[in-house]
Amino acid sequence: MLIAANWKMYKGPRETREFLDRFVPPDGVDVVICPAYTSLHAAVESGRTVYAQNVHWAEEGAFTGEVSAAMLVELGVQGSIVGHSERRQNFAETDETTARRAEAALAAGLGVIACVGETEQEREAGETEEVLRRQVGVLPRDDGLVIAYEPVWAIGTGKTATPNVAQEAHAFIRSLHDTEVLYGGSVKPDNAAELLSQPDVDGALVGGASLDVDSLTAICRAAIPS
Ligand code: PGA
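A short tour of the structure in this document, coming up. (Residues numbered from 1 in each chain as written. Predicted model: local features only at pLDDT ≥ 70, side-chain atom pairs only at ≥ 80, totals over all residues. Heavy atoms only, no water.)

Close to the ligand lie 13 residues, the nearest being K8, H84, E150, G156 and S186. Contacts to the ligand include K8, whose side-chain N or O atom sits 2.8 Å from an oxygen atom. In this structure, an oxygen atom belonging to the ligand sits 2.7 Å away from a main-chain N or O atom of G156. Starting from 280 Å² of accessible surface for the ligand in isolation, the protein chains cover 96%. Across the shell around the ligand, the residue classes tally to 4 nonpolar, 7 polar and 2 charged. (Near = heavy atom within 4 Å. Polar contact = N/O pair within 3.5 Å; in protein donor to acceptor, adjacent residues only side chain to side chain. Areas by Shrake-Rupley, 256 points an atom, 1.4 Å probe, with all protein chains shown as cover. Nonpolar A, V, L, I, M, F, W, Y, C, P; charged D, E, K, R; others polar.)

According to the stated counting rule, one finds 12 salt bridges in the structure shown. Two residues, E18 and R14, come together in a salt bridge whose shortest N-O distance is 3.3 Å. With E18 and R14 both in helix α1 (residues 13-22), this residue pair falls 4 residues apart, about one helical turn. Between D214 and R22 there is a salt bridge; the shortest N-O distance is 3.5 Å. Placement of D214 in helix α10 (residues 213-222) and of R22 in helix α1 is noted, with a sequence separation of 192 residues between them. Of the residues examined, D214 reaches a relative accessible area of 51% and is grouped as exposed. Through salt bridges with shared partners, a single ionic network connects E66, R87, E93 and R101. (Salt bridge = Lys/Arg side-chain N within 4 Å of Asp/Glu carboxyl O. Helix = DSSP H or I, 4+ residues; strand = E, 2+ residues; numbered from the N terminus. Buried < 20%, exposed > 50% of the residue type's maximum accessible area, 1.4 Å probe, protein only.)

Quick look at the structure:
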C-alpha cells in the first residue's frame, strides 16, 4: 500500500521539518512526501521517500521556472508526480507533455506518479472511459510508474468518489495499463479505510488531509488491512 502526500503550494522548509520530525507512520505502508521544490531538500534530509510535484522533460535548457529530472536526482529526490489536474487545468499541461515528463523522469531513474481523471462534465456526458483511455494510453509502460486516479470533481471539493465508483474506474485503468493505481480526491481519515479496501485500489494520493500530521498518520493506519 502506498500513501503519497501531495502538499501542493503549502509548507516551506521550516514547516516541512517540523512536520517530518513529528511524523511516525505505521510499519507496512510505503509513504511518499511530495513537497514544493523549495522544501525538497528539507524533506530529503528527514530520510523519508520524497517526490517532486512536477519535472521537466529536457535535461537542461531555456525553460524558465522548470526543474529537470537530473536536478531532482542530485538532490536525493526519488520521483515526481506528473500530469496533476491542477497543472492540466491551470498551466496548460496536456496528455503529451505529461507523457514526456514521465518518460524523462523514468529515464533518469526516478519513480513517477502519473495523474489521470475525468472532470464532472465529462462524467456527466458519459465520457469517463474515453477520457481515461486517452490519458492512460500515452503513459509509458514501466515498473517505475504508478497511476493516480483523481476524478477532478473530487479534488479539494469534499466530494469523494464512492468506493464503487473508484473501484470501477481503477479496474478499467488496470485493464489498460498493468500497474498500481492510487485513488486521489478528498481522501480523509474517515473515508480512507473503505476506499483502500477496494480490490483495485493500491493506495492514495492525498492533498488537503496530508497537511496535518495526525490526519496523514490516521490515513496511513487505515491503509493497513485489519
Ligand atoms: P485533495 O487533493 O485530497 O485535497 O482532494 C488530492 C490531490 O489533488 O492530489
